[in-house]
Protein chains: 2
Amino acid sequence: MSSADLLGMFALWQATNVDASTCPARDVLDRIGDKWSSLILLTLAVGALRFSALNRAVPDISKRMLTQTLRDLERDGFITRHVFPTKPPSVEYRLAPLGRSVVEPLVALVGWAQTHHGAIREARQQFDTNAQNA
Amino acid sequence: MSSADLLGMFALWQATNVDASTCPARDVLDRIGDKWSSLILLTLAVGALRFSALNRAVPDISKRMLTQTLRDLERDGFITRHVFPTKPPSVEYRLAPLGRSVVEPLVALVGWAQTHHGAIREARQQFDTNAQNA
DNA sequence: CCGCATCCTATTAGATACTG
DNA sequence: CAGTATCTAATAGGATGCGG
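Values in this document were obtained by computation on a predicted structure and should not be read as measured data.

A few points about the packing of aromatic side chains
Now for step 1: Per the stated rule, a full pass over the model turns up two aromatic pairs over all chains.
Now for step 2: Measuring from ring centre to ring centre gives 6.0 Å for F78 of chain A and W112 of chain B, while their planes differ by 25°; the resulting arrangement is stacked. Within this pair, whereas F78 of chain A is found in the loop between α5 (63–75) and β2 (79–84), its partner W112 of chain B is found in helix α6 (residues 97–133), the two belonging to separate chains. The exposure classification of F78 of chain A matches that of W112 of chain B, with both residues buried.

Given below as structure tokens:
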């Protein structure tokens, strides 16, 4: 499906349904648009990880937020949770099929970010400079 | 660039740089991942709009958040602001080149959302049901 | 019409300490 | 090791009224 098609789809959706409760885009963007979800999904895309390994891979997330984000992602079917009854117990998280499929558009966005980050920083700096002069 | 390549890029980035302040992905996702930015970008992708028209197109955003989000998007170079010295004054917002280029990966994500929204809702419902039984 | 400033509340996220 | 509980700080967001 081309970008133009998708844009048409969006226009249609936009015209008929911007209501937050039933709008797929809002629902999904609100979930993976939070501070940590996308980062965790991308990290797990590289390979399955245990709780503390994830915590190390994403250093500045707190245990609390990691737990909560993992629950939410599990609830929506993006990841699965596997408990190994070892001692001490270990729990491994991995992408579910749904999670693997969302990684592709997500990676596209990250790729865009890498490519255009410089332009953004430049625009930001210029804007701030002009604001100071004004 | 293929998805696999991008995934490799991400793995490299992940290994070398998860620091929030210098990480492009974090920077961009934090900006367009907020509650309104992506919605506004997609709305403007359909066509340039004035302030109040935007407010009508995205009904449940407050004037305050609309103003603020538009400023942030302008600051980062995603959109431009055109003032027409009519009476009363009118201001039109439109996508800058940077904004037009980010719409493509964004639309891909929205397309994904449309396609998989049913699966997510299903997973969510099932998870909640199981949680109740437990 | 545009949008800024103020006030207020709800949500989010970090730190810390504790449990099986 | 993998969480949970509690408290607190910071931020996001809504309502409203004023000024250009």
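There's more to say after this.
Comments concerning the interface of chain B and chain A
The accessible area lost on association of the parts is a frequent measure of interface size.
Now for step 1: At the junction of the two partners, chain B supplies 60 residues and chain A supplies 60 residues.
Now for step 2: Sorting the residues of chain B by area buried against chain A places R75, L109 and W112 of chain B first, and these three jointly supply 12% of that buried surface.
Now for step 3: Summed over the shared surface of chain B and chain A, the result is eight salt bridges.
Now for step 4: D128 of chain A serves as the salt-bridge partner of R75 of chain B, at 2.5 Å between the closest nitrogen and oxygen.
Now for step 5: Taken together, the connections running from chain B to chain A amount to twelve residue pairs in polar contact (both at pLDDT 80 or more).
Now for step 6: Going through the elements one at a time, α1 (3–16), α2 (24–32), α3 (37–46), α5 (63–75) and α6 of chain B are the ones with two or more residues in the side of chain B that touches chain A.
Now for step 7: Among the elements that take part in the side of chain B that touches chain A, α6 of chain B stands out by supplying 24 residues, more than any other.

What counts and what doesn't
Residues numbered from 1 in each chain as written. Chains lettered and ligands numbered in written order. Predicted model: local features only at pLDDT ≥ 70, side-chain atom pairs only at ≥ 80, totals over all residues. Heavy atoms only, no water. Phe/Tyr/Trp six-rings, centres within 6.5 Å; stacked < 30°, edge-to-face > 60°. Helix = DSSP H or I, 4+ residues; strand = E, 2+ residues; numbered from the N terminus. Buried < 20%, exposed > 50% of the residue type's maximum accessible area, 1.4 Å probe, protein only. Contact = heavy atoms within 4.5 Å. Buried area = accessible area lost by both parts, 1.4 Å probe. Salt bridge = Lys/Arg side-chain N within 4 Å of Asp/Glu carboxyl O. Polar contact = N/O pair within 3.5 Å; in protein donor to acceptor, adjacent residues only side chain to side chain.

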